[in-house]
Amino acid sequence: MSEALNVQSDPWRAVLGGNQTVAALTVAQEVATRLQDPNQIEVATAAAARQTAFPKSVRWEPYGVAQGDAGLALMCSYLDACFPDEGWDGTGHRYLTLAARGAESSSYLPVGLSAGLSGLAFTAWSLSREGTRYQKLLRSVEQALMPIRFS
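For clarity, every value in this text was computed on a predicted model and none was experimentally measured.

1. Remarks on the pattern of salt bridges
Move 1: Counting across every chain of the model gives 4 salt bridges.
Move 2: Here R34 ties to E30 by a salt bridge, and the two come within 2.9 Å at their closest N and O atoms. With R34 and E30 both in helix α2 (residues 18–34) and 4 residues apart, this pair spans about one turn of that helix.
Move 3: R34 sits in the exposed class, given a relative accessible area of 51%.
Move 4: With a shortest N-O distance of 3.3 Å, R133 and D89 are connected by a salt bridge. A residue pair is termed long-range when its members are at least 10 positions apart, and R133 in the loop between α6 (117–127) and α7 (135–145) and D89 in helix α5 (residues 88–105) qualify at 44 residues.
Move 5: R133 gets classed as partly exposed once you look at its relative accessible area, which sits at 26%.
Move 6: Among the charged side chains, a salt-bridge network with shared partners connects D80, D89, R129 and R133.

Laid out in structure tokens, this is it:
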């Protein structure tokens, strides 16, 4: 087996140490805290569209991971795993609800991971705590992605 294939089996190692770790965590938590407010997200998205030379590239799709509420819910799932007693699962639930409602009201749903149903499914699973939550949503998205089952 080549050395490149063995990289994945190496244990994770922290790159930062000491005060840098504390500073990085502080900044990450501050950014995440700011992202808890959907109104701030709306203002920031509008500002991004005004400030770029490519305004059509800023498209908030609630069900999207790259530019949508599903991505914020995915962020919350990781924060919940890192900081389980800080309520990130509740924030993630709120964003997942917005993402699911956005998917329900959309006339066209792509299947992609970054801006479609696959990303919404991944996000729902990530927040589901090993499948113990969001079973109805997971079944609905699975049905939309794979409407025909082969035996």
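2. Observations regarding the layout of surface pockets
Move 1: One number sums up the size of the largest pocket: a volume of about 240 Å³.
Move 2: As for the largest pocket, its lining consists of 15 residues, and the residues nearest its centre are A100, R101, E104, L120 and L137.
Move 3: Secondary structure elements with two or more residues in the lining of the largest pocket: α5, α6 and α7.
Move 4: The leading source of residues in the lining of the largest pocket is α5, at 7 residues.
Move 5: The residue makeup of the lining of the largest pocket, split by class, is 10 nonpolar, 3 polar and 2 charged.

Rules used throughout
- Residues numbered from 1 in each chain as written.
- Predicted model: local features only at pLDDT ≥ 70, side-chain atom pairs only at ≥ 80, totals over all residues.
- Heavy atoms only, no water.
- Salt bridge = Lys/Arg side-chain N within 4 Å of Asp/Glu carboxyl O.
- Helix = DSSP H or I, 4+ residues; strand = E, 2+ residues; numbered from the N terminus.
- Buried < 20%, exposed > 50% of the residue type's maximum accessible area, 1.4 Å probe, protein only.
- 1 Å grid on protein atoms, 1.4 Å probe; cavity = no way out; pocket = protein on both sides within 12 Å on 5 of 7 lines; lining within 4 Å.
- Points joined across faces, edges and corners; volume = space filled by probe spheres on them.
- Nonpolar A, V, L, I, M, F, W, Y, C, P; charged D, E, K, R; others polar.

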